[in-house]
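# Secondary and tertiary structure notes
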Amino acid sequence: MWIPLLALIVGLAAGFLSRLSIPAAYADYLAISLLAALDSVFGGIRAGLSRTFNARVFISGFFTNTLLAALLTYFGGHLGVDLMLPASVAFGIRIFQNLGIIRNLLLNRALVRTPPPTTL
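Residues numbered from 1 in each chain as written. Predicted model: local features only at pLDDT ≥ 70, side-chain atom pairs only at ≥ 80, totals over all residues. Heavy atoms only, no water.

### Focus: the pattern of salt bridges
Here is the rule we go by: The salt bridge criterion pairs a side-chain nitrogen of Lys or Arg with a carboxyl oxygen of Asp or Glu, the two atoms within 4 Å. Secondary structure follows DSSP: runs of H or I at least 4 residues long count as helices, runs of E at least 2 residues long count as strands, and numbering of each begins at the N terminus. Think of it in three bands: residues with accessible area under 20% of the maximum for their type are buried, residues over 50% are exposed, and the middle band is partly exposed, with areas taken using a 1.4 Å probe on protein chains only.
Going through the model one piece at a time under the given rule, you end up with one salt bridge. Where Asp39 meets Arg94, a salt bridge forms, and the shortest distance between an N and an O atom there is 2.8 Å. Pair noted here: Asp39 is in helix H2 (residues 27-49) and Arg94 is in helix H4 (residues 84-113), with a separation of 55 residues, a long-range link. Under the relative-accessibility criterion, Asp39 is labelled buried at 1%.

### Let's talk about the packing of H2 against H4
Defined as follows: Fitting a line to C-alpha atoms yields each axis, with helices limited to the stretch in contact; the angle taken between N-to-C directions then spans 0 to 180 degrees. With respect to orientation, any angle under 35 degrees is reported as roughly parallel, any angle over 145 as roughly antiparallel, any angle of 65 to 115 as roughly perpendicular, and every other angle as oblique. By convention, the crossing between two helices is left-handed when the near helix turns anticlockwise from the far helix through less than a right angle, and right-handed when the turn is clockwise. Ten residues, namely Ala, Val, Leu, Ile, Met, Phe, Trp, Tyr, Cys and Pro, are considered nonpolar, four, namely Asp, Glu, Lys and Arg, are considered charged, and the remaining ones, Gly among them, are considered polar.
Across the interface, H2 lies against H4 with an axial gap of 9 Å and an inter-helix angle of 25°. Relative to H4, the element H2 is oriented roughly parallel. Taken as a pair, H2 and H4 cross one another with a handedness that is left-handed. Across the contact of H2 with H4, the residue classes break down as 17 nonpolar, three polar and five charged.

### Topic: the packing of aromatic side chains
Note the threshold: Here is the rule: rings of Phe, Tyr and Trp (six-membered ring for Trp) pair when centre to centre is within 6.5 Å. Planes less than 30 degrees apart are stacked, more than 60 are edge-to-face, and the remainder are tilted.
Counted under the stated rule, the structure contains six aromatic pairs. Plain terms: the ring middles of Phe58 and Phe62 are 6.1 Å apart, the flat faces sit at 40° to each other, and that makes the pair tilted. Of this pair, Phe58 and Phe62 are both found in helix H3 (residues 55-79), four residues apart, which corresponds to roughly one turn of the helix. Residue classification places Phe58 among the buried positions, given a relative accessible area of 8%. The structure contains a cluster of three or more aromatic residues connected by ring pairs, namely Tyr26, Tyr29, Tyr74 and Phe75.

### Some points on the nonpolar core
Here is the rule: Here the nonpolar core consists of buried residues drawn from Ala, Val, Leu, Ile, Met, Phe, Trp, Tyr and Cys, with membership extended through side-chain atoms lying within 4.5 Å.
Grouped together as the largest cluster of nonpolar side chains are seven residues: Val41, Phe42, Ile45, Leu49, Phe58, Ile95 and Ile102. Those elements giving two or more residues to this core turn out to be H2 and H4. Among the elements that make up this core, the one with the highest residue count is H2 (four residues). Counting residues in each nonpolar core, the second largest holds six residues, with Ile32, Ala36, Ala69 and Met84 among its members.

Next comes the structure, spelled out in structure tokens:
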């Protein structure tokens, strides 16, 4: 479960500490790739909390989703079809679904550990 969280922290740290500048022409590809990566990270966290996490599935899904999202945006741009918007909506829905499931799992664990209130 800690691999997705560690990957998120390392990626954020590398992004903030580097002086790497992305040209404006690649902004769409970077944006959709980041959404795909976040989708994979939150899916990995959800799987870890559900005790179904598999590192191979996470790592292969992370890179496959990110590459496929960037390629769809690239080919859509060359075909004159904006595929970034539907992909953004799809990834956004999946991210919020994963966050809702993560929240429910954490709340259920917190409620199970909390002793019942005593009545006087």
